[in-house]
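Report on the structure
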Amino acid sequence: MSKKLMHNSKLYPLKFKPILKEKIWGGHHLNYKDSSITKDTKIGESWEISGVEGSISIVENGDLKGQDLNAVLANYKEELVGHSVYKRFGNEFPLLIKFIDAKENLSVQLHPDDKIAKAKHDCMGKTEMWYIMEAEKNGFIIADFNRQMNQENYLKSVENKSIKDVLNHINVKSGDVFFIAPGLIHAIGSGVLLAEIQQTSDITYRIYDWDRVDDQGNSRELHQKEALDAIVFTSKEPKINYNKTANLPNEVVHNEHFKTDYLKVENQLNLDLTKYDSFTILMNVGKEAKLNYNGTSFLFKTQETYLIPASISNVSIEAKLTEVLMVHI
């Protein structure tokens, strides 16, 4: 499909100001993203690209600096996201992109699918994936149960407070990928820093929070009734195996909600984006690089994210060696 601009657009690779979320389980790996935040603040999430109401990303670079994502989308429409994406989602940006730093265990939770989320919350469901960037020696995630479960056994484990004994712990290392389908019981364990790609949704059903309380002695709300309607007891293997061929897109997770490829960049990788009728998101999960477009070089730091508008045909990534996640619809 043609990538011609519709009205002399000045669109370019967009970088957004990270939206940092303080969490009871957060660490300090992401604090550097905002110099106004104290070093001891527990930052759990950096929302890199978000159209979620109340947390809408603001452009940080170039001519559109200061404008929010939703305004840019409403103005540029197909030029920003692609014709098929705009037809499907309109002025709602369909993905939420994050980095997550878990110093302590996240709550055990699950997310609704599109059907349940639409009926109960009038929003998208939450399909997501994780790319492990760093993990301490005993870093782990939880995905699914460690035994065959059904609704009766699940309810018993909740009632007698033995839920933590039936959870499936998986030790993780840098480069591991997990697909978190709606309905899958899951949690990020302590000592893990990861990149998360998900549908634009902030709906979470929390089922267990390790019996912890906040500074006022209050427990966080659980959502057992909602979870029971959405939980899936027959889940597929969540860990994803993928290739790491240099200077080629390696398919990692492709589904109806998003398509993620792994890029191992050695020296320079030219990306032809004309094949995608979609925006492209680039997440640097490796070392510092340069992002080149139309004769201009953009610094592409570790743990930085760029949104490449659909109207852009080609970019290149330049680095001695780095790793990048490339995402489109």
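Here we look at the confidence of the model for the protein
Averaged over all residues, the pLDDT of the protein is 94; the fraction at 70 or higher stands at 97%. Contacts for the low-pLDDT stretch residues 1–8, under 50 throughout, to residues beyond four places or in other chains number 18 contacts.

Thoughts on the pattern of salt bridges
Two side chains of opposite charge can pair, provided their charged atoms sit close to one another. Taken as a whole, this structure holds 13 salt bridges when the rule is applied. One salt bridge connects K15 with E304, and the closest N-O pair in it is separated by 3.3 Å. Residue K15 is found in the segment before β1 (19–27), and its partner E304 is found in the loop between β19 (296–300) and β20 (305–308); the two are separated by 289 residues along the sequence. Taking the shortest distance from any N to any O, the salt bridge between R220 and D209 comes out at 3.1 Å. Remark: D209 occurs in the loop between β13 (205–208) and α6 (224–230) and R220 occurs in the loop between β13 and α6; sequence separation between them is 11 residues. Overlapping salt bridges bring together E104, D209, R212 and R220 as one network.

With respect to helix α4 (residues 114–121)
The N-terminus of α4 is capped by D113, whose side-chain oxygen sits 3.2 Å from the backbone nitrogen of K115. After α4 finishes, the residue D122 shows a positive phi value of roughly 55°.

Looking at the nonpolar core
Counting 45 residues, the largest nonpolar core has F93, I281 and L307 as the members making the most contacts within it. The contacts of F93, once residues within four sequence positions are left out, are I49, L69, L73, V81, M124, T200, F279, I281 and L307. Counting 20 residues, the second largest nonpolar core, distinct from the first, contains I142, I185, I207 and A230.

Some remarks on the pairing of strand β21 (residues 314–328)
Taken together, the 13 bridges between strand β16 (residues 259–272) and β21 define a ladder with antiparallel strand orientation. Counted as the bridge partner of V265 is T322 from β21. Two elements, strand β17 (residues 280–284) and β21, share five bridges in a ladder whose sense is antiparallel. Looking across to β21, one finds that L282 is bridged to M326.

Observations regarding unusual backbone geometry
In this structure, K77 is a non-glycine residue whose phi angle is positive, near 50°. With respect to the helices, strands and loops of the structure, K77 is situated in the loop between α1 (69–76) and α2 (78–81). Judged by its relative accessible area of 31%, K77 is partly exposed. Even without glycine at this site, K161 takes up a positive phi of about 60°. Here K161 lies in the loop between α5 (151–159) and β9 (167–171). Relative accessible area serves as the criterion here: at 71%, K161 is assigned to the exposed category.

Quick look at the layout of surface pockets
Quantified by volume, the largest pocket comes out at close to 330 Å³. Those elements that provide at least two residues to the lining of the largest pocket are β1, β2 (43–49), β5 (95–102), β7 (128–135) and β11 (186–188). Counting residues per element, the lining of the largest pocket draws most heavily on β1, which supplies three residues. Across the lining of the largest pocket, the residue classes break down as six nonpolar, five polar and 10 charged. Put simply, the second largest pocket is a space of about 250 Å³. Going through the elements one at a time, α5 and β13 are the ones with two or more residues in the lining of the second largest pocket. Residues that form the lining of the second largest pocket fall into these classes: five nonpolar, three polar and six charged.

What counts as what
- Residues numbered from 1 in each chain as written.
- Predicted model: local features only at pLDDT ≥ 70, side-chain atom pairs only at ≥ 80, totals over all residues.
- Heavy atoms only, no water.
- pLDDT = per-residue confidence, 0-100.
- Contact = heavy atoms within 4.5 Å.
- Salt bridge = Lys/Arg side-chain N within 4 Å of Asp/Glu carboxyl O.
- Helix = DSSP H or I, 4+ residues; strand = E, 2+ residues; numbered from the N terminus.
- Polar contact = N/O pair within 3.5 Å; in protein donor to acceptor, adjacent residues only side chain to side chain.
- Core = buried A, V, L, I, M, F, W, Y, C linked by side-chain atoms within 4.5 Å.
- Buried < 20%, exposed > 50% of the residue type's maximum accessible area, 1.4 Å probe, protein only.
- Pairing = 2+ DSSP bridges.
- 1 Å grid on protein atoms, 1.4 Å probe; cavity = no way out; pocket = protein on both sides within 12 Å on 5 of 7 lines; lining within 4 Å.
- Points joined across faces, edges and corners; volume = space filled by probe spheres on them.
- Nonpolar A, V, L, I, M, F, W, Y, C, P; charged D, E, K, R; others polar.

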